[in-house]
Amino acid sequence: MSDEREPYEETAPIGGKLITPVTVVLAVIVLAMIGVLAVRFVYGIGAVTNLNNGYPWGLWIVWDVVIGSALGASGFTVAFITYIVNRGEYHPLVRPALLTALLGYAMAGASVVFDVGRYWNLWHVFVPKYAQPNSILFEVALCIAAYTVVLAIEFSPAILQRFGMTGVRKKLGRLLFLFVAIGVVLPTMHQSSLGSMLLVFGTQIDPIYQTKFLPLLFLSSTVGMGLAAVTLEGTISSLALRRPFERALLAKLLAVGKLVLAGFLILRFADLVARGMIPELFAANAVAVMFWIETALFAAPLVLLAGAGATRPSRMVLAAMAMALAGILYRIDAYLVAYHTGAGWHYFPSLGELVVTAGLISFEILAFIIAIRVLPVMPKSTLA
Amino acid sequence: MGSLPLATPDEDLVTERRFGMKRRSFIQLCAGLAATLGFANNAVGAIFNALVDAKRPSVIWLHFQECTGCSESLLRAEHPTLEKLILDIISLDYHETLMAAAGHQAEAARLAAMAANKGKYILVVEGAIPTGANGNYCKIGGKTAIELVKECAADAAAVIAIGSCASWGGMPSTSPNPTGASPVAEILGRPVLTIPGCPPNPYNFLTTVVHYLVLGKLPELDAKGRPMFAYGRLIHENCERRAHFDAGRFATQFGDEGHRQGWCLYKLGCKGPETYGNCPSIGFGDAGTASWPVGCGHPCIGCIEQGVGFTKPIHELAKLLTVTPPTQFARPDEQQGQGSTLATVGTVAVVGGLAIGAGARLAKNLGTTADKPSTTSKPER
Amino acid sequence: MLTRRNMLKGLAGGAGAVAAASIASPAEARGNHPMPEHALGLLYDGTLCIGCRACISACKSANGMPAEHTALEIGDYWDAPLDISGQTLNVIKAFREGNALHKDQAVDGFAFTKVSCMHCNDPSCVSACPVSAMRKDPVTGIVSYDVDACIGCRYCVAACPFNIPQSTYDSPIAKISKCQLCAHRLPAGKYAACAEVCPTGATLFGPVAELQQEVARRRALTPGTKTLFPRGKIGGTDTYAGVASTYVDHTYGAKEIGGTQVLHLSGVPFELLGKPALPDESPASISESVQHAIYKHLLAPLGFLGALAVVAWRHMRPEAEPIDPTGAPPAGGEAP
């Protein structure tokens, strides 16, 4: 006896003006980013960033690649729930989530091009002559590249539908299950490896953050961030486009999120206790303070979504924001705040770095807005 | 030259008669002496007046275990020349090499001068004093060096030990020191002014004497009794080849490429880094710049310094006494990198604030639209 | 129904693969890489160093590096780099305390230390580099950099616990700079320029096995005894007479992160000189152990993929009336 299937939803472009005050502002920020990047390519990274040899990885790597891809985990979490756990009711959320994910990963990949110093050699990662499989970054690079392609394939039906290429779409449809499966394995691999990347830093990472459980901690917080991203994207689009808020669906998603966050917190504290790190948590330094802020954000959804709050939209949105912020802060703390590079080194993102990161985020939002207006992404039945 | 009166024909005569030089030349001499002492310009006048007016002080000069090199060095002085000094500035009443008298006459002259100038004469000692064999390794006029130096020092106004031998034992005291060669200070049991060197630069001695005549007291001395104006700095600090040392350019063999280029001689054993003196500053023999051992391509042997000269092998690596790193030397924890600025923190704060505001608004808006139906409705056809 | 249990079951599949592997027991850790038998290295004895910085000039000269401008409050300098950088591969730093008058004394004293690549036995940079731009020579053990392979990701810069690899941020064509033990001079019979020029033998070049013996010899001497110190290359004829120094009871680099081919001796504690305190286990071994445990032969990922593919296929195949992911009506065209 198969599970009760929910009826599918048709999707359609929502149309509307492409040039609005919002898109114009976003475009301006994107242009500013392009200006900064032009300077970067002519004069070098030092001309636009505050990166130095004490802090060789800064806002760009940590936000654009590590956090950006984690927020793009919306794709794999929703795909997993819909097709693996087989909850067709989440179907309306699939395409927007895939779009968010595709844009997130594409921007992560694009940001790598301007962040590395010798971008013309980037293809070396794919070539056996140069490949160094012991490097966790090697695996992350391959996985992210492959996953971006998979996301594009997973999202392509929307494009194929728009251009009426039904034949191709049907053929693709038969193979899609494979890509869905790959599209769950790959992010599991690289999102956990983004945590493993910190292992080689050894004692340069504060012992509160350095642990063999980093892969699992990063993976679980990614799931939380993905679910939060889906919720927030759904919320904003329902408000911006004056559409109903998918309360029940998102409440169930967030219920899963609560479990995952609880798992994260339990694992984190168990590990800290086992390594005797509890006294360090109360030391008077930046790392300990950030740890507690982060922990509070991870725990907040558990409080906000307790009992009746689980289905109250305002609570749900706040919980989703807390989940996303928690994951973001965890990554910033693990890669930057807890990174003890040596005495005397200072780093804070420069205006150039802030402009570029803002530009990337703006580009993602802009592309998302244009895509949902032009491609069949959003569910038709909920169109006003 | 503020305190000097205008020259009159009479004053020209004064300098001519006393010193055999016109007033202008004599003033130049005084300026030279003042420069060596490190005095300011207006001191030239004081030196001028002191030298012109003063009664010539009596000087007794003793020789013991020495090679007479210190006296020879003085003979090569040019400003003033030695004869000007001994004939016009001081009254050299006893000097075994330079005095005309000999034998008993010489000793009688010494005793007479000591009696006539009791408590006012300057005693200069050249050479070490042997203590072995009851002092019998050196006897003059039937008296041992020990007896002579004690006798002469008893009524002296000042005692100056010239040369490394008299200052700390010098070459005769080289291990195993068979004669027990000792410095003046050890024999007298009290510190004395020392002008070490082998030989010392004559101007170190001459300037000390002028300082005493002009100011009535000895110049500032270091812990070993050496005038600070001459022995206050290491040779390493003023060496003209220091830039090569700092850049790591060393001669490793006599005649090699580096040696021919005039590079630093530290690897060849130069003792400049542990020897105090002004050899690189004033050179020897008034023969122009670089007229000193290092300038001629041979490492300094540290002849001035006890424990270095005639003690350490010439080619043994010197110990650097002032290795204290200069201010601009890198520290283990230099401050590097650009931290937060008002602009960047402000931007992050503003953007963050906007985001939080928007988020709060979002939550509030959603709260007011909380009762909208969900999307699990039938699809439209 | 999407129950918590179902969701957990699903997630557990993926997380399980990661979890089981990431709880790699110490027995499974790969252990530090050993030092090659004929490894070459340096011995830096801070008590012999006089801070002349000839090694900085010689290194620049041997590697074609330009002078570096340092702007300080007290003036502009061209011969006083404050740290290693894109143009400076080797630098001498001075620790100072109080009136800084006494050499190799921690209180009211000063001491010199050398900062340059340690040529680790189990380098973090080699493990981190995704494109094999950092390589450890299997014979000499020298860690070299291949600029043609490098992608400029700076993972090596972040990974090195000694902060050695330096990226050139001021150039649009970035590269990494670090000491390569003058490997390019070895075929001509020459050796590390810093050791060659050092006037006191504070930096000494040679096979690490011989340098380790020299370390033992010096640490066994009573301070103050006269002894001969080699200069330039160990085992050569260039020696000079000196006096044995007082050392702290530690050879830096003997055990740190699996040992390094550059060894340091000092008269003052190493933390004062900015040398980080490091455990014996190399981070490279930890990182690689965790990674291999999870991905050994790609068993776990492929297994996970297989299971997921089966499940996805069952839910998405046409006969099961699945939800068409393309959003079009089901094949039969019938409304559910």
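Cut-offs applied
- Residues numbered from 1 in each chain as written.
- Chains lettered and ligands numbered in written order.
- Predicted model: local features only at pLDDT ≥ 70, side-chain atom pairs only at ≥ 80, totals over all residues.
- Heavy atoms only, no water.
- Helix = DSSP H or I, 4+ residues; strand = E, 2+ residues; numbered from the N terminus.
- Buried < 20%, exposed > 50% of the residue type's maximum accessible area, 1.4 Å probe, protein only.
- Contact = heavy atoms within 4.5 Å.
- Areas by Shrake-Rupley, 256 points an atom, 1.4 Å probe, with all protein chains shown as cover.
- Buried area = accessible area lost by both parts, 1.4 Å probe.
- Salt bridge = Lys/Arg side-chain N within 4 Å of Asp/Glu carboxyl O.
- Polar contact = N/O pair within 3.5 Å; in protein donor to acceptor, adjacent residues only side chain to side chain.
- Core = buried A, V, L, I, M, F, W, Y, C linked by side-chain atoms within 4.5 Å.
- Domains from an automatic or database assignment.
- Nonpolar A, V, L, I, M, F, W, Y, C, P; charged D, E, K, R; others polar.
- Patch = residues over 30% accessible without salt bridge, like charges linked within 9 Å, V, L, I, M, F, W, Y side chains within 5 Å.
- Pairing = 2+ DSSP bridges.
- Axes fitted to C-alpha atoms, helices over the stretch in contact; angles between N-to-C directions.
- Parallel < 35°, antiparallel > 145°, perpendicular 65-115°, else oblique.
- Disulfide = S-S within 2.5 Å.
- Phe/Tyr/Trp six-rings, centres within 6.5 Å; stacked < 30°, edge-to-face > 60°.
- Left-handed = near helix turned anticlockwise from the far one by under 90°.
- Expected span 1.5 Å × (residues − 1).
- Arc of directions from axis to C-beta.

Digging into the overall build of chain C
Now for step 1: Scanning chain C from N- to C-terminus turns up eight helices and 15 strands.
Now for step 2: Burial status across chain C gives 57% buried among its 336 residues.
Now for step 3: Pairs at least 24 residues apart make up 58% of the contacts formed inside chain C by residues separated by at least 6 positions.
Now for step 4: In the structure as shown, chain C presents an accessible area of about 14,000 Å², 59% of it carried by carbon and sulfur atoms.

Side note on the interface of chain C and chain B
Now for step 1: Facing 35 residues of chain C, the contacting portion of chain B comprises 23 residues.
Now for step 2: Summing both sides of the interface, chain C and chain B together bury roughly 2,400 Å²; the carbon and sulfur share of this comes to 62%.
Now for step 3: Looking only at chain C, the three residues that lose the most surface to chain B are I50, L82 and R96 of chain C, adding up to 22% of its buried area.
Now for step 4: Applying the counting criterion to the chain C and chain B interface returns zero salt bridges.
Now for step 5: Inspection of the chain C/chain B interface yields four residue pairs in polar contact (both at pLDDT 80 or more).
Now for step 6: Those elements giving two or more residues to the side of chain C that touches chain B turn out to be α2 (54-63), β4 (91-96), β6 (109-115), α5 (193-197) and β14 (239-243) of chain C.
Now for step 7: It is β4 of chain C that contributes the most residues to the side of chain C that touches chain B, five residues altogether.

A look at the nonpolar core
Now for step 1: Among the nonpolar cores identified, the biggest contains 158 residues, and M197, F201, Y209, F218 and Y335 of chain A together with Y155 of chain C are the most heavily contacted of them.
Now for step 2: Element by element, the count of residues in this core is highest for helix α10 (residues 313-337) of chain A, at 15 residues.
Now for step 3: Taken domain by domain, this core gets at least three of its residues from each of domain 1 (4-30 + 288-314) and domain 2 (40-124 + 156-281) of chain C.
Now for step 4: Here F201 of chain A is in contact with W57, Q210 and Y339 of chain A together with Y155, A158 and A159 of chain C, once residues within four sequence places are set aside.
Now for step 5: Formed by 59 residues, the second largest nonpolar core is a distinct cluster that contains V323 of chain B together with I92, I164 and L273 of chain C.

A look at the interface of chain A and chain C
Now for step 1: Opposite the 87 residues of chain A that make contact, chain C presents 83 residues.
Now for step 2: For D115 of chain A, the salt bridge identified is with R154 of chain C, shortest N-O distance 2.6 Å.
Now for step 3: There are 33 residue pairs in polar contact (both at pLDDT 80 or more) connecting chain A and chain C.
Now for step 4: Those elements giving two or more residues to the side of chain A that touches chain C turn out to be α1 (21-43), α3 (74-84), α4 (91-115), α5 (136-162), α6 (166-196), α7 (214-240) and α8 (247-274) of chain A.
Now for step 5: Among the elements that make up the side of chain A that touches chain C, the one with the highest residue count is α6 of chain A (14 residues).
Now for step 6: Residue classes in the side of chain A that touches chain C are distributed as 50 nonpolar, 23 polar and 14 charged.

A closer look at a nonpolar patch on the surface
Residues and elements named next belong to chain A.
Now for step 1: Nonpolar side chains collect at one region of the surface, where L18, I19, V24, V28, I370 and V374 lie side by side and expose about 490 Å² of accessible area between them.
Now for step 2: For the nonpolar patch, the elements supplying multiple residues, two or more each, are α1 and α11 (351-374).
Now for step 3: Structurally, I370 can be placed in helix α11.

A few points about the sheet that holds strand β1 (residues 58-63) of chain B
All names here are of chain B.
Now for step 1: Read across the open sheet, the five strands follow the order β2-β1-β3-β7-β9; overall the sheet is parallel. One side of each edge strand has no neighbouring strand; the edge strands of this open sheet are β2 (91-95) and β9 (193-195). Looking at each pair of strands side by side, their axes are set apart by 20° on average, direction ignored.
Now for step 2: Sheet topology note: the strand β3 (residues 122-126)/strand β7 (residues 158-162) ladder contains five bridges and is parallel.

Focus: the domain arrangement of chain C
Now for step 1: Along its sequence, chain C is carved into domain 1 (4-30 + 288-314) and domain 2 (40-124 + 156-281).
Now for step 2: Just the C-alpha atoms count here: the centres of domain 1 of chain C and domain 2 of chain C sit 45 Å apart.

Side note on the packing of helix α6 (residues 103-116) of chain B against helix α7 (residues 145-154) of chain B
The angle between the axes and the distance between the axes are what describe a pair of packed helices.
Residue and element names in this part refer to chain B.
Now for step 1: Running from N to C, α6 and α7 cross one another at 30°; their axes reach a closest spacing of 10 Å. As the angle between them shows, α6 and α7 are arranged roughly parallel. Together, R110, L111 and M114 of α6 and L148, E151 and C152 of α7 make up the contact between the two elements.
Now for step 2: Looking at the contact of α6 with α7 residue by residue, the classes come out as four nonpolar, no polar and two charged.

Some thoughts on the state of the cysteines
Note on terminology: disulfide describes a covalent bond linking the sulfur atoms of two cysteines.
Residue and element names in this part refer to chain B.
Now for step 1: Under the criterion given, the structure shown has zero disulfides over all chains.
Now for step 2: As a non-bridged cysteine, C270 has C300 as the owner of its nearest cysteine sulfur, 5.0 Å distant.
Now for step 3: A relative accessible area of 9% means that C270 is categorised as buried.

With respect to the packing of aromatic side chains
Two aromatic rings, taken as a pair, are described by how far apart their centres are and by the angle between their planes.
Now for step 1: According to the stated counting rule, one finds 33 aromatic pairs over all chains in the structure shown.
Now for step 2: A ring pair is formed by F162 of chain C and Y252 of chain C, whose centres lie 6.2 Å apart and whose planes are at 80°; its orientation type is edge-to-face. Taken together, the positions of F162 of chain C in the loop between α4 (155-159) and β9 (166-167) and Y252 of chain C in the loop between β14 and β15 (262-265) put the pair 90 residues apart, joining distant regions of the chain. Like F162 of chain C, the residue Y252 of chain C is buried in the burial classification.
Now for step 3: Members of the aromatic cluster, joined through ring pairs, are Y55, W57, F201, Y209, F218, F264, F298, Y330, Y335, Y339 and Y347 of chain A together with Y155 of chain C.

Description of the packing of α4 of chain A against α5 of chain A
Residues and elements named next belong to chain A.
Now for step 1: Look at α4 against α5: their axes get within 9 Å of each other, and the N-to-C directions meet at 140°. Classified by the angle their axes make, α4 and α5 are oblique. Note that α4 runs across α5; the crossing there is left-handed. Taken together, the residues of α5 that come into contact with α4 (itself represented by R95, L98, L99, A101, L102, Y105 and A106) are I144, Y147, T148, L151, A152, E154, F155, P157, A158 and Q161.

Regarding helix α8 (residues 299-316) of chain C
Quick reminder: α-helices carry 3.6 residues per turn. Residues three or four places apart thus point the same way.
Residue and element names in this part refer to chain C.
Now for step 1: Helix length check: α8, at 18 residues, gives a terminal C-alpha distance of 25 Å against a target of 26 Å (1.5 Å per residue), a fit within 8%.
Now for step 2: Residues of α8 that are buried include every one of P301, F304, L308, A309, A312, H315 and M316, and no others. Down the axis of α8, the buried set is contained in an arc of 135°. They therefore lie on one face. In α8, the exposed positions that point more than 90 degrees away from the buried face belong to L299, L302 and R314.

Re the sheet that holds β4 of chain C
Now for step 1: Taken together, three strands build an open sheet; the order of strands is β4-β6-β5 (chain C) and the sheet is mixed. Each edge of the open sheet carries a strand with a single partner, namely β4 and β5 (102-103) of chain C.

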